[in-house]
Amino acid sequence: MNGRTSPLGWLRKSWRTWRRLAREAHPRKILDLTREIREMAALAAQVCPREEAVQSRIQAIQTEMDRLAGHAGRPEFHRLPAGKRILLRQGLLQSREQLLETMQAAPTPTRLLQ
């Protein structure tokens, strides 16, 4: 086939990718991710500057993760289409990365080099 994949091979690969993403977007996995982000936000509140804007943003993240964790445990959340849960998971992963970058950009608490 001149190095090209057959339509059936492409479909099989796409189906496997979709199923993998659907497994990763299982409500239990999303719940674990929200807990992880909530814990990271609690740490960020301790290491980030005490500026009002930064602290209010961290508080908003914690509140949102609490709300999402409450929703993820409900049966209605399990009935959400896999596509929506996949998009939610991708958004959570981006939020986690941004929170990590914010924590890494925070100034060191002391002036002395360790």
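Residues numbered from 1 in each chain as written. Predicted model: local features only at pLDDT ≥ 70, side-chain atom pairs only at ≥ 80, totals over all residues. Heavy atoms only, no water.

Participant: Would you mind going over the nonpolar core with me for this structure?
Facilitator: If you look at soluble globular proteins, the nonpolar side chains tend to sit buried side by side. One finds I37, I58, I61, L92 and L99 to be the most contacted residues of the largest nonpolar core, which totals 18 residues. Breaking this core down by element, the ones donating at least two residues are α2 (27-47), α3 (52-72) and α5 (82-105). In terms of residue count, the dominant contributor to this core is α2 (eight residues). Excluding residues that lie within four positions of it along the chain, L99 makes contacts with I37, M40, A41, A44 and I61. (Core = buried A, V, L, I, M, F, W, Y, C linked by side-chain atoms within 4.5 Å. Buried < 20%, exposed > 50% of the residue type's maximum accessible area, 1.4 Å probe, protein only. Helix = DSSP H or I, 4+ residues; strand = E, 2+ residues; numbered from the N terminus. Contact = heavy atoms within 4.5 Å.)

Participant: What is the right way to read the layout of surface pockets from this model?
Facilitator: Empty space left among the atoms is revealed by rolling a probe the size of a water molecule over them. Taken as a whole, the largest pocket holds about 240 Å³ of empty space. Taken together, the elements giving at least two residues each to the lining of the largest pocket come down to α3 and α5. Ranked by residues supplied to the lining of the largest pocket, first place goes to α3 with seven residues. Looking at the lining of the largest pocket, its residues break down into eight nonpolar, three polar and two charged. (1 Å grid on protein atoms, 1.4 Å probe; cavity = no way out; pocket = protein on both sides within 12 Å on 5 of 7 lines; lining within 4 Å. Points joined across faces, edges and corners; volume = space filled by probe spheres on them. Nonpolar A, V, L, I, M, F, W, Y, C, P; charged D, E, K, R; others polar.)

Participant: Help me understand a positive patch on the surface, please; the structure alone is not making it clear to me.
Facilitator: On the surface, R19, R23, R28 and K29 cluster together into a patch of positive charge. Checked against the element boundaries, R28 lands in helix α2. R28 sits in the exposed class, given a relative accessible area of 57%. (Patch = residues over 30% accessible without salt bridge, like charges linked within 9 Å, V, L, I, M, F, W, Y side chains within 5 Å. Areas by Shrake-Rupley, 256 points an atom, 1.4 Å probe, with all protein chains shown as cover. Salt bridge = Lys/Arg side-chain N within 4 Å of Asp/Glu carboxyl O. Lys, Arg positive; Asp, Glu negative; His and termini not counted. Charge placed at Lys NZ, Arg CZ, Asp CG, Glu CD.)

Participant: Quick question: what am I supposed to make of a nonpolar patch on the surface here?
Facilitator: On the surface, L8, W10 and L11 cluster together into a nonpolar patch covering about 370 Å² of accessible area. Mapped onto the fold, L11 is located in helix α1 (residues 7-24).

Participant: Just to check I follow, could you spell out the environment of A45 for this structure?
Facilitator: Residue placement: A45 occurs in helix α2. Residue A45 is classed as buried on the basis of its relative accessible area, which comes to 16%. In this structure, the C-alpha to C-alpha distance between A45 and T17, residues 28 residues apart in sequence, is 37 Å. Excluding its chain neighbours within four sequence positions, the residues that come into contact with A45 are R50, Q55 and I58.

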